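Observations on chain architecture
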Amino acid sequence: MELQINGQLIQADADAGMPLLWLLRDVLNMTGTKFGCGVAACGACTVRVDGQAVRSCVVPVSAVLGKRIQTIEALGTPDKPHALQLAWIAEQVPQCGYCQSGMLMAAAALLDKTPKPTDADIDAAMTNICRCGTYQRIRVAIKRAAGMAPGGAVKKAKA
């Protein structure tokens, strides 16, 4: 089967019923997407499909044929990191880091849909679980990436 992953057409030999997570990790060796719970509860496996955050552990490969799949490997590069990756570092979001790829993908989907999210927008979109409890840092980092001050006001550019 042919899949569009991170802007490239990729041929993969896998069962159409296989969860997308296992295709990415086991067949294509793209291990940035993590396995957490296997029941779409934790969000560690979040990727974007046609721009929407999806839990790849419960999405069969057949459901994403002909759609654009983006994994954490394509969110940014070492030379040109995504604004969220820079904000994650600046706000010291990760502790153990296990959930972070899924968090970043969910946050990227949120900012694409809602460039200046409110706290309520963030709460609604960020349903991933972080065992380390860095939720407040995640909120601040999302607002930083959106160019907003932690209170929600838009930051003014420095002259």
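Below or above, wherever it landed, is the structure these notes cover.

Conventions used here
Residues numbered from 1 in each chain as written. Predicted model: local features only at pLDDT ≥ 70, side-chain atom pairs only at ≥ 80, totals over all residues. Heavy atoms only, no water. Core = buried A, V, L, I, M, F, W, Y, C linked by side-chain atoms within 4.5 Å. Buried < 20%, exposed > 50% of the residue type's maximum accessible area, 1.4 Å probe, protein only. Helix = DSSP H or I, 4+ residues; strand = E, 2+ residues; numbered from the N terminus. Contact = heavy atoms within 4.5 Å. Axes fitted to C-alpha atoms, helices over the stretch in contact; angles between N-to-C directions. Parallel < 35°, antiparallel > 145°, perpendicular 65-115°, else oblique. Left-handed = near helix turned anticlockwise from the far one by under 90°.

Our focus in this paragraph is the nonpolar core. Counting 23 residues, the largest nonpolar core has Leu-84, Trp-88, Met-103, Met-126, Ile-138 and Ile-142 as the members making the most contacts within it. Taken together, the elements giving at least two residues each to this core come down to α2 (83–90), α3 (100–113) and α5 (135–145). The greatest single-element share of this core, amounting to eight residues, is contributed by α3. Not counting residues up to four positions away in its chain, the partners in contact with Ile-142 are Leu-84, Trp-88, Ala-107, Leu-110, Leu-111, Pro-117, Ile-122 and Met-126. In terms of nonpolar packing, the next biggest core, distinct from the first, is built from 15 residues, Ile-5, Val-47, Val-49 and Val-61 among them.

Right, let's talk about the side chain of Thr-134 for a bit. Among the secondary structure elements, Thr-134 is positioned in the loop between α4 (119–125) and α5. Discounting chain neighbours no more than four positions away, the residues touching Thr-134 are Val-93, Gln-95 and Gln-100.

In contact at an axis separation of 11 Å, α3 and α5 are set at 40° when each is read in the N-to-C sense. Classified by the interaxial angle, the pair formed by α3 and α5 is oblique. Considering how the two elements wind past one another, α3 and α5 form a crossing that is right-handed. Between α3 and α5, the contacting residues are Met-103, Ala-107, Leu-110 and Leu-111 on the first element and Tyr-135, Ile-138, Ile-142 and Ala-145 on the second.

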